[in-house]
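# Per-entry structural report
Chain by chain, the residues run as shown.
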Amino acid sequence: MQALLAFFFIVVILFAAIVFVIALLGASFLLRALNLLFSPFKRKAGTKGVVMGADGEPVIDVMVKDPVCGLYLPKGDAVRETIGGRTLYFCSQECLSQYKQRA
Ligand SMILES: [Zn+2]
């Protein structure tokens, strides 16, 4: 009788161990699935506040040169104007109108 009880005990422990391993694998799989599911949101949050330019590149931290006064300024702050197929960046509307008068 005792041998049967011991055998039953071992079977229960083995079953518990198998369930534990499956639960662990399931949890890691679930975590990976969740990570995959939420990664687009994370990426979106990472680029939050970045203004995408018409040319498809982020306008933050890209320095451009004003062809009129030679000032370097962030692309996002620049006055954008496409002249003759070329996109030019100016520090102000005054520089833009000066460039247009010169051209
Ligand atoms: Zn300027």
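Residues numbered from 1 in each chain as written. Predicted model: local features only at pLDDT ≥ 70, side-chain atom pairs only at ≥ 80, totals over all residues.

Attention now moves to the overall build of the chain. Looking only at helices and strands, one finds two helices and four strands in the chain. In sequence order, the chain lays out its α and β elements as α-β-β-β-β-α. Across the 103 residues of the chain, 7% fall into the buried class. Long-range pairs, those at least 24 residues apart, make up 20% of the contacts in the chain with a sequence separation of at least 6. (Helix = DSSP H or I, 4+ residues; strand = E, 2+ residues; numbered from the N terminus. Buried ≥ 20, exposed ≤ 12 C-beta atoms within 10 Å, placed from the backbone. Contact = placed C-beta atoms within 7 Å.)

Quick look at the nonpolar core now. Core analysis: the largest hydrophobic core is formed by six residues, namely Val64, Ala78, Tyr89, Phe90, Cys95 and Leu96. Of all the secondary-structure elements, those providing two or more residues to this core are β4 (86-90) and α2 (93-102). Tyr89 has contacts with Val64, Asp66, Lys75, Ala78, Val79 and Arg80, leaving out every residue within four places of it along the chain. (Core = buried A, V, L, I, M, F, W, Y, C linked by C-beta atoms within 7 Å.)

Below, the discussion takes up the pairing of β4. Both strand β3 (residues 79-83) and β4 contribute to a ladder of five bridges, which runs antiparallel. Each residue of the ladder has a partner; that of Ile83, found in β4, is Arg86. A loop of two residues connects β3 with β4, the two strands running antiparallel in sequence, and Gly84 in this loop sits at a positive phi of about 60°. (Pairing = 2+ DSSP bridges.)

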